[in-house]
Amino acid sequence: MNTDIDNEDSLYPIAVLLDELRADDVNFRLNAIRRLSTIALALGVQRTRDELIPFLDESIDDEDEVLLALAEELGNFVEYVGGKDHAHIILGPLENLAAVEETLVRDKAVESLTKVAIVLSQQQIEEYYIPLIKRLGSGDWFTSRTSACGLYAAAYQTATPSSQDELRSMFKQLCQDDTPMVRRAAAANLGKFAKKIPKEQVVLDIIPLFSKLAQDEQDSVRLLTVEDLVAIAEILTKEESKTYLLQTLRSMVSDKSWRVRYMIAENFVKIAKAVGEEVTRDDLVLAFVHLLKDNEAEVRTAASGQVPGFAQNIDKQTILLHILPCVKDLVTDTSQHVRASLATQISGLAPILGKEATTEHLLPLFLQLLKDEFPDVRLNIISKLEQVNEVIGIELLSQNLLPAIVELAEDKQWRVRLAIIDYIPLLASQLGVAFFDEKLGNLCMSWLGDNVYSIREAATVNLKKLTEVFGVEWAKTTIIPKVLAMGNHPNYLYRMTTIFAITTMAPAVTPEVIRDYILPTVNNLVSDPIPNIRFNVAKSYEVLIPVLKQSQETVVLLDAQVKPALDKLREDSDADVKYFAEKALLAGYQ
């Protein structure tokens, strides 16, 4: 009797979940699908194969989001049906999902089918998977044929030689399909398929398909063949690439559709590496120049992003002769997006050109970009100055660019000011303390009073980093007095910044500095009228306590000054102040 009750108990959650799969509310069904592995574990492998999978096969008529979740779950279902020997059972529901109308569901079903295909034996591939590809590939609706295109690569190497011939023949049919969407799917998967095929077959079967798709009347098909070109070139030798692919590549570079030229520009470095030095030198340099001068801003933007990567594949003289004049033109390009893209990448030319050429040719361009009216351009050039510094040294960099950097430190766009702050510690470490105090010291203090919180926060972190660079003695005489003076400012934001600054700097200074300078200021702010300041004082004590414990001379201050202050804050009328005082006491006095 008890056994029957136990069985009922074990099946109860499964019944609930199966009811949820049939529920009217889509959220119930979605949750049930996401817990399919739980159902399968409870049912066991035999009942999962006999009951759950057939049930799922019938559940294909549902909302797209439920079907998407189902397609994803089934890709990880091999262990729940009894391992790879029974994995082919999952193919049924996935085949149905691969033929639905919604693209996201189909794509996820194809992804799961390829996952399952990897664990199938040759017999299972021949008996179940290849017939599935045939059914999808010959479907009346284009949706199933597009899905079929993504399934060939996973099965090819496991299939028998005669089936491999058949798979290549079927893929060829899809490449010549009347529907552009199917040809698009074929073009998107051609490169992956080519990587699974021996080179002789690639030359005989795949390259003719590639050439035909690359000349397709639809630019949406042609643009997808750019990545196929890279994949095929990686299979061939450099000489074979020149023989079989160069003519098509030349056509692509000058394609009448800007979207195809954009894809070429976006993948230009990969193409150059794949086709080799000779083709790059003889054909691609001028092709790249044309892309940098393209009529469409999107193409110029993509090409700008490839400048340093492409420059690594050609000699210095060619860069100076052909690429640099284009770069100079792009610095004043009418499109801000082109200039922003170039600003991100241009510093990558410095290590390639070396100190002399960088100083002569690139520094004037950096200066121009630093003064660009578009904030993203200024931001991008600042964030990449480190590469230039490594090549020409801080002295040259500061002489040429420091005035512009100081100007940007007061830029009206706060993100530009933030980027400058992030760069200051690096600049400081290389300029030296005297130069820094003279040129940048006041600037660093002025950020503490900025009207943007993120700038004030970054400025306090900046002071900590500067203390680590120049030492505690420098901080004690140069910045700590200025920071502490703000603790008496009538504006509460300045007092808040003082607390933030000394809390952030505390780990970088000595216990003696905390005792003599910082602690008296924090103690004064315990009675501040603003609750926000009082709870930040409590947070500050939490950070100061571990530092005070480091020295025998300062540890006595914990009971003499810190604990009474926290006890006072613990009795505060404000709930947040109480909370942070309690937290500091717990952390520091356990």
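If you're wondering where the values come from, they're calculated on a predicted model, not measured in any experiment. (Residues numbered from 1 in each chain as written. Predicted model: local features only at pLDDT ≥ 70, side-chain atom pairs only at ≥ 80, totals over all residues. Heavy atoms only, no water.)

**Some remarks on the overall build of the protein**
When helices and strands are counted, the protein shows 37 helices and zero strands. In terms of C-alpha radius of gyration, the protein reaches 33 Å, well past the compact-globule figure of 25 Å for 590 residues. Considered along the principal axes of its C-alpha atoms, the protein spans approximately 90 × 85 × 40 Å. Classification of the 590 residues of the protein by burial places 52% in the buried group. Taking all contacts inside the protein whose residues are at least 6 apart in sequence as the whole, residues at least 24 apart take part in 67%. Carbon and sulfur atoms form 49% of the exposed surface of the protein, whose accessible area is close to 27,200 Å². Across the protein, 60 positive and 85 negative side-chain charges occur, with their mean positions spaced 5 Å apart. (Helix = DSSP H or I, 4+ residues; strand = E, 2+ residues; numbered from the N terminus. Rg over C-alpha atoms; globule rule 2.2 N^0.38 Å. Buried < 20%, exposed > 50% of the residue type's maximum accessible area, 1.4 Å probe, protein only. Contact = heavy atoms within 4.5 Å. Areas by Shrake-Rupley, 256 points an atom, 1.4 Å probe, with all protein chains shown as cover. Lys, Arg positive; Asp, Glu negative; His and termini not counted. Charge placed at Lys NZ, Arg CZ, Asp CG, Glu CD.)

**What about the confidence of the model for the protein?**
Summing up the model confidence of the protein, the mean pLDDT is 83 and the portion of residues at 70 or higher is 94%. Counted against residues more than four places away or in other chains, residues 1–10, with its pLDDT under 50, gives zero contacts. (pLDDT = per-residue confidence, 0-100.)

**Describing the nonpolar core**
Core analysis: the largest hydrophobic core is formed by 205 residues, its most contacted members being Phe77, Phe310, Ile323, Ile346, Trp447, Tyr541 and Leu566. In terms of residue count, helix H23 (residues 349–370) provides more of this core than any other element does, 10 residues in total. Ignoring anything within four residues of it in the chain, the contact list for Trp447 reads Ala409, Ile420, Ile421, Ile424, Ile455, Arg456, Ala459 and Asn462. (Core = buried A, V, L, I, M, F, W, Y, C linked by side-chain atoms within 4.5 Å.)

**Comments concerning the packing of helix H14 (residues 225–235) against helix H15 (residues 238–253)**
Each packed pair of helices is defined by two parameters, the angle between the axes and the distance between the axes. Packing of H14 against H15 brings their axes to within 11 Å, and their N-to-C directions diverge by 160°. Classified by the interaxial angle, the pair formed by H14 and H15 is roughly antiparallel. Classified by chirality, the crossing of H15 by H14 is left-handed. Here Thr225, Val226, Leu229, Ile232 and Ala233 of H14 lie close against H15, whose contacting residues are Ser241, Leu245, Leu249 and Met252. The residue makeup of the contact of H14 with H15, split by class, is seven nonpolar, two polar and no charged. (Axes fitted to C-alpha atoms, helices over the stretch in contact; angles between N-to-C directions. Parallel < 35°, antiparallel > 145°, perpendicular 65-115°, else oblique. Left-handed = near helix turned anticlockwise from the far one by under 90°. Nonpolar A, V, L, I, M, F, W, Y, C, P; charged D, E, K, R; others polar.)

**Brief notes about the packing of aromatic side chains**
A full pass over the atoms with the stated rule returns 13 aromatic pairs. Note on Phe268 and Phe310: the rings are 5.2 Å apart at their centroids and 75° apart in plane angle, and the pair reads as edge-to-face. Placement of the pair is Phe268 in helix H17 (residues 268–275) and Phe310 in helix H20 (residues 307–311), with a sequence separation of 42 residues. On the accessibility criterion, Phe268 (0% relative accessible area) is buried. Note on Phe288 and Phe310: the rings are 4.6 Å apart at their centroids and 45° apart in plane angle, and the pair reads as tilted. (Phe/Tyr/Trp six-rings, centres within 6.5 Å; stacked < 30°, edge-to-face > 60°.)

**What to know about the pattern of salt bridges**
Between side chains of opposite charge, pairing is possible as soon as their charged atoms come close. What the rule picks out here adds up to 26 salt bridges. Of the charged contacts, one joins Asp216 and Arg183 as a salt bridge, the two residues approaching to 2.5 Å between their closest N and O atoms. Linking Asp216 in the loop between helix H12 (199–214) and helix H13 (219–222) with Arg183 in helix H11 (residues 180–194), this pair joins segments that are 33 residues apart in sequence. Both residues of the pair, Asp216 and Arg183, count as buried. (Salt bridge = Lys/Arg side-chain N within 4 Å of Asp/Glu carboxyl O.)

**Topic: the side chain of Arg183**
On the basis of relative accessibility, which here comes to 8%, the residue Arg183 falls in the buried class. From its side chain, Arg183 meets the backbone oxygen of Asp177 in a polar contact 2.9 Å long. Apart from residues no more than four positions distant in its own chain, Arg183 is found in contact with Leu174, Cys175, Asp177, Asp178, Leu213, Asp216, Glu217, Gln218 and Val221. (Polar contact = N/O pair within 3.5 Å; in protein donor to acceptor, adjacent residues only side chain to side chain.)

**Quick word on helix H33 (residues 492–505)**
Between the first and last C-alpha of H33 there are 20 Å, a value that for 14 residues agrees with the 20 Å anticipated at 1.5 Å per step. Within the span of H33, buried status applies to Arg495, Met496, Thr497, Thr498, Ile499, Ala501, Ile502, Thr503 and Met505. Looking at the packing, one finds that the buried side of H33 touches helix H30 (453–470), helix H32 (480–485), helix H34 (511–524) and helix H35 (531–548). (Expected span 1.5 Å × (residues − 1).)

**Focus: the packing of helix H8 (residues 142–149) against H11**
Running from N to C, H8 and H11 cross one another at 10°; their axes reach a closest spacing of 8 Å. The angle between the axes of H8 and H11 places the two elements in the roughly parallel class. Residues Phe142, Arg145, Thr146 and Cys149 of H8 lie in contact with H11, whose contacting residues are Met181, Val182, Ala185, Ala186 and Asn189. Classifying every residue of the contact of H8 with H11 by side-chain character gives six nonpolar, two polar and one charged.

**Considerations on the environment of Ser169**
Considering the arrangement of structural elements, one finds Ser169 in helix H10 (residues 161–175). Along the primary structure Ser169 and Leu463 are separated by 294 residues, whereas in three dimensions their C-alpha atoms are 68 Å apart.

**Structural notes on the side chain of Asp572**
Checked against the element boundaries, Asp572 lands in the loop between helix H36 (552–570) and helix H37 (575–588). At a separation of 2.7 Å, a polar atom in the side chain of Asp572 contacts the side chain of Arg534. Among residues more than four places away in sequence, those in contact with Asp572 are Arg534, Val577 and Lys578.

**Things to note about helix H7 (residues 122–137)**
The sharpest bend along H7 comes to roughly 30°, located at Tyr129, with the proline Pro131 sitting one to four residues further on. Looking at H7, one finds that the buried residues are Gln124, Ile125, Tyr129, Ile130, Leu132, Ile133 and Leu136. For H7, the elements touching its buried residues are helix H5 (91–97), helix H6 (103–119), H8, helix H9 (152–156) and H10. (Bend = angle between axes of the 7 residues up to and from the residue.)

**Observations concerning a negative patch on the surface**
Among the surface-exposed residues, Glu63, Asp64, Glu65 and Glu101 lie close enough to one another that they form a single negatively charged patch. What makes Glu63 partly exposed here is its relative accessible area of 43%. (Patch = residues over 30% accessible without salt bridge, like charges linked within 9 Å, V, L, I, M, F, W, Y side chains within 5 Å.)

**Section: the environment of Pro308**
Counting through the fold element by element, Pro308 comes out in helix H20. Distance in space between the C-alpha atoms of Pro308 and Asn267 is 13 Å, their sequence separation being 41 residues. Other than its neighbours up to four places away in sequence, Pro308 contacts Gln345, Gly348, Leu349 and Ile352.

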